[in-house]
Amino acid sequence: MAKEGVEKAEETEQMIEKETGKEPAEGGGGGSHRLGDTQEMRAVVLAGFGGLNKLRVSRKAMPEPQDGELKIRVKACGLNFIDLMVRQGNIDNPPKTPLVPGFECSGIVEALGDSVKGYEIGDRVMAFVNYNAWAEVVCTPVEFVYKIPDDMSFSEAAAFPMNFVTAYMMLFEVANLREGMSVLVHSAGGGVGQAVAQLCSTIPNVTVFGTASTFKHEAIKDSVTHLFDRNADYVQEVKRISAEGVDIVLDCLCGENTGKGLSLLKPLGTYILYGSSNMVTGETKSFFSFAKSWWQVEKVNPIKLYEENKVIAGFSLLNLLFKQGRAGLIRGVVDKLLGLYTQKKIKPTVDSLWALEEVR
Ligand SMILES: NC(=O)c1ccc[n+]([C@@H]2O[C@H](COP(=O)([O-])OP(=O)(O)OC[C@H]3O[C@@H](n4cnc5c(N)ncnc54)[C@H](OP(=O)(O)O)[C@@H]3O)[C@@H](O)[C@H]2O)c1
């Protein structure tokens, strides 16, 4: 993290504490506001899909927890690559705008819906939210909420669930990472990439190959065994170091890299597709890069997979959580990850913190 980033983070964190730490005063003030009889809160609203000018901070009605939900006073929320894709409308079946973006947050439990058990008002938590996380207050079903350790800051907790659960599930649930294996990860300097690198370091003798823009190499060089520039011929570079290739390829650049990734797999190796960052080439959605990505998606022949002993997989955490009902499985993963955090084996990297008003 650059020094400038650290200073900004501390300064903004203090601002967040000051802003949201106040007890709501009678009739308004603190983190909530009253207008007539309606209690309100602030949220980032995406007015329509497009550029940064579509984002603004607005007042919205204070949400109240439904049966089975928790109401959380948000202290920090995560900004992930998927949020950028949502802003552009670069996702499948986008919801209607206006909407409040954001899929994860951390904060303090402020109220419990009926039938909620295991949580109390005042608990420090992190949570997945199916949109609406970029707000002062969110309500989300209890199955998506996790208590956080006392020594985990709110900013760390907001950077934790999406990055680490995704990385953990791909490495251990899908690809079965074991001692002595090797992993290639694209965007190694990103949130998921850094979580992958940290989790690989918890298993003995794992070699991590990573691609990232060269200006990030200095900051991440200790976490990745072999780093290549994002535009380098990484297939050739990996093969120069390991002629047999790698055991696991994690690919978030849908379309451009599937064939290359498969060609790098050792026998019984696993290729996982989990993103399409390459569709984002500017501030707004580019129909050209969207079409190009789809056009370039490799046709995979299952007979070739069987002959070459290779595994191809896909992974989508949000679908697993919000469409496929696997919250119980993910809670087990979060428990394991919090165990690793408590043992000081993993730690989210927070580059910088921004106030709601700075969202653009
Ligand atoms: N499937 C899932 O469940 C799941 C969950 C979380 C994230 N993801 C996906 O994982 C990827 C990384 O997410 P993140 O939150 O870790 O991202 P992040 O921290 O924002 O990092 C993204 C990095 O991707 C690279 N990148 C950006 N635009 C690109 C482009 N047009 N072409 C090639 N590379 C580009 C850049 O790194 P360099 O310039 O250094 O290469 C950028 O820093 C995204 O595609 C995201 O959607 C998927």
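Calculation rules
Residues numbered from 1 in each chain as written. Predicted model: local features only at pLDDT ≥ 70, side-chain atom pairs only at ≥ 80, totals over all residues. Heavy atoms only, no water. Axes fitted to C-alpha atoms, helices over the stretch in contact; angles between N-to-C directions. Helix = DSSP H or I, 4+ residues; strand = E, 2+ residues; numbered from the N terminus. Parallel < 35°, antiparallel > 145°, perpendicular 65-115°, else oblique. Left-handed = near helix turned anticlockwise from the far one by under 90°. Contact = heavy atoms within 4.5 Å. Nonpolar A, V, L, I, M, F, W, Y, C, P; charged D, E, K, R; others polar. Pairing = 2+ DSSP bridges. Phe/Tyr/Trp six-rings, centres within 6.5 Å; stacked < 30°, edge-to-face > 60°. Buried < 20%, exposed > 50% of the residue type's maximum accessible area, 1.4 Å probe, protein only. Right-handed = clockwise from strand over helix to strand, strands pointing away. Polar contact = N/O pair within 3.5 Å; in protein donor to acceptor, adjacent residues only side chain to side chain. Near = heavy atom within 4 Å. Areas by Shrake-Rupley, 256 points an atom, 1.4 Å probe, with all protein chains shown as cover.

1. A closer look at the packing of helix α4 (residues 161-174) against helix α5 (residues 191-200)
Turning to step 1, where the next piece is worked out: Contact geometry for α4 and α5: axes closest at 8 Å, N-to-C directions at 55°. It follows that α4 is oblique to α5 by the angle criterion. The two elements α4 and α5 meet at a crossing, and its hand is right-handed. Within the contact between the two elements, α4 uses N163, F164, T166, A167, Y168, M170, L171 and F172 and α5 uses G191, V192, A195, V196, Q198, L199 and C200.
Turning to step 2, where the next piece is worked out: Of the residues in the contact of α4 with α5, the class split is eleven nonpolar, four polar and no charged.

2. Some words on the sheet that holds strand β5 (residues 104-112)
Turning to step 1, where the next piece is worked out: The sheet built from five strands is open, its strands ordered β7-β4-β5-β6-β8 with antiparallel pairing. Whereas interior strands pair on both sides, the edge strands pair on one side only; in this sheet they are β7 (137-141) and β8 (145-147). Across the sheet, the mean angle from the axis of one strand to that of its neighbour is 45°, orientation sign disregarded.
Turning to step 2, where the next piece is worked out: Bridge count between strand β4 (residues 69-77) and β7: five bridges; the pairing is antiparallel.

3. Section: the packing of aromatic side chains
Turning to step 1, where the next piece is worked out: According to the stated counting rule, one finds seven aromatic pairs in the structure shown.
Turning to step 2, where the next piece is worked out: For the ring pair F160 and F164, a centre distance of 5.0 Å and an interplane angle of 25° mean the geometry is stacked. With respect to burial, F160 and F164 carry one shared label: buried.
Turning to step 3, where the next piece is worked out: Residues Y168 and F172 carry aromatic rings whose centres are separated by 4.6 Å and whose planes lie at 45° to one another, so their mutual orientation is tilted. Remark: F172 and Y168 occur in helix α4; sequence separation between them is four residues, near one turn of the helix.

4. Looking at the pairing of strand β9 (residues 182-185)
Turning to step 1, where the next piece is worked out: Alternating residues of β9 divide into S182 and L184 and V183 and V185, and every residue in both groups is buried.
Turning to step 2, where the next piece is worked out: As paired elements, β9 and strand β10 (residues 207-212) share four bridges and run parallel to each other. The residue of β10 that forms the bridge with S182 is T207.
Turning to step 3, where the next piece is worked out: Taken together, β9, α5 and β10 constitute a β-α-β crossover, and its handedness is right-handed.

5. Some remarks on the environment of H217
Turning to step 1, where the next piece is worked out: Examined against the element boundaries, H217 turns out to sit in helix α6 (residues 217-220).
Turning to step 2, where the next piece is worked out: Linking H217 and F228, residues eleven residues apart in sequence, is a C-alpha distance of 8.4 Å.
Turning to step 3, where the next piece is worked out: Excluding anything up to four places from it in sequence, H217 contacts A212, L227, F228 and D229.
Turning to step 4, where the next piece is worked out: Polar contacts involving the side chain of H217 include one to the main-chain carbonyl oxygen of A212, which spans 2.8 Å.

6. Looking at the side chain of N90
Turning to step 1, where the next piece is worked out: Considering the arrangement of structural elements, one finds N90 in the loop between α2 (81-88) and β5.
Turning to step 2, where the next piece is worked out: A residue is classified by how much of its surface remains accessible, and N90, at 5% relative accessible area, is buried.
Turning to step 3, where the next piece is worked out: Within the structure, N90 has its side chain in polar contact with the side chain of Q88 (distance 3.2 Å).

7. Thoughts on the pairing of strand β12 (residues 246-251)
Turning to step 1, where the next piece is worked out: Burial analysis of β12 places six of its six residues in the buried class, the great majority of the element.
Turning to step 2, where the next piece is worked out: Sheet topology note: the β9/β12 ladder contains three bridges and is parallel. Each residue of the ladder has a partner; that of V183, found in β12, is I248.
Turning to step 3, where the next piece is worked out: In this sheet, strand β13 (residues 265-273) lies alongside β12 in parallel orientation, the contact comprising five bridges. Residue pairing in the sheet places D251 in a bridge with L273 of β13.

8. Observations concerning the site of the ligand
Turning to step 1, where the next piece is worked out: Taken together, 22 residues lie around the ligand, and S213, R230, S277, V280 and L317 are the ones closest in.
Turning to step 2, where the next piece is worked out: R230 places a polar side-chain atom, nitrogen or oxygen, 2.6 Å from an oxygen atom of the ligand.
Turning to step 3, where the next piece is worked out: Contact between the ligand and L317: an oxygen atom at 2.6 Å from a main-chain N or O atom of the residue.
Turning to step 4, where the next piece is worked out: The fraction of the free accessible surface of the ligand (920 Å²) that becomes covered by protein chains is 84%.
Turning to step 5, where the next piece is worked out: A class-by-class count of the residues in the shell around the ligand yields ten nonpolar, ten polar and two charged.

Such coordinate-based values are descriptive only and should not be taken to indicate function.
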